[in-house]
Amino acid sequence: MGFSLLFGGLLFLSLKLTEACSCAPAHPQQAFCTSDIVIRAKVSGEKIVNHGNTSSPHFKFIQYEIKLVKMFKGFEKLKDVQYVYTPLFSSLCGVKLEANNKIQYLLSGRIGGDGNLIIGLCDFIEQWDNLSLSQKKSLNHRYHMGCECRISRCYTFPCSTVSENECLWTDWLTDNSLNGHQAKHYACIMRSDGSCSWYRGGPPPEKEFLDISDP
């Protein structure tokens, strides 16, 4: 199965520029919103495939055969997903998954020009059981509601928002980790007046919105 020339060109360019995978930190909601497809699936098999007529190891991919459990995003782009592809090497952002048909994963990625789903270390990839309850609920609806919002990382005090549709992500300051309380339990949602604020969930929702200065 061939891969798009565009994806191959980008991969070749990345090899020329760097030999390591580099990702900008992203809140789970940001990763969700920028992905073409977000699914819950089991991995039932894997094999190594080549991109194009070359023996170079840099153009090898892992083809994971999956069993789709649920699709959260991308219904209009793919009706079904049987395989996902990732670069063979982690230095090219390749992802290693357990192909034992037991572990369920949350997988997100982008559709290549040939219609294949490409996943990598910069995408939202996690074992389903490792997700918080809030993250699982947000995949169904809340993350969708915040895709017009902007989430800005805050590494040092003071930091502040510059627009009403912005939420400050302060996990690095409060938890010394980008996988902290906001990442695990909050979504940045747009309200009816166009402003955005962190929302944890649970009734009544209007009392669960947090002021953007108090994450």
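Predicted model, so just to flag it, every value in this text is computed and none were measured.

Analysis parameters
- Residues numbered from 1 in each chain as written.
- Predicted model: local features only at pLDDT ≥ 70, side-chain atom pairs only at ≥ 80, totals over all residues.
- Heavy atoms only, no water.
- Disulfide = S-S within 2.5 Å.
- Helix = DSSP H or I, 4+ residues; strand = E, 2+ residues; numbered from the N terminus.
- Buried < 20%, exposed > 50% of the residue type's maximum accessible area, 1.4 Å probe, protein only.

The subject of this paragraph is the state of the cysteines. One pass over the structure, following the stated rule, counts six disulfides. Note that C23 is cross-linked by a disulfide to C122, the S-S spacing being 1.8 Å. Disulfide C23 to C122: torsion about the S-S bond roughly -80°, handedness left-handed. With C23 in the loop between helix 1 (5-17) and helix 2 (28-34) and C122 in the loop between strand 5 (117-118) and strand 6 (126-127), the pair connects residues that are 99 residues apart, well separated along the chain. Taking relative accessible area as the criterion, C23 reaches 37% and is therefore assigned partly exposed. Judged by relative accessible area, which is 39%, C122 ranks as partly exposed. Sulfur-sulfur distance for the disulfide between C167 and C188 comes to 2.1 Å. Measuring the twist about the S-S bond at about 80°, one finds the C167-C188 disulfide to be right-handed. Of the two residues, C167 sits in strand 8 (residues 166-169) while C188 sits in strand 9 (residues 187-190), which places them 21 residues apart along the sequence.

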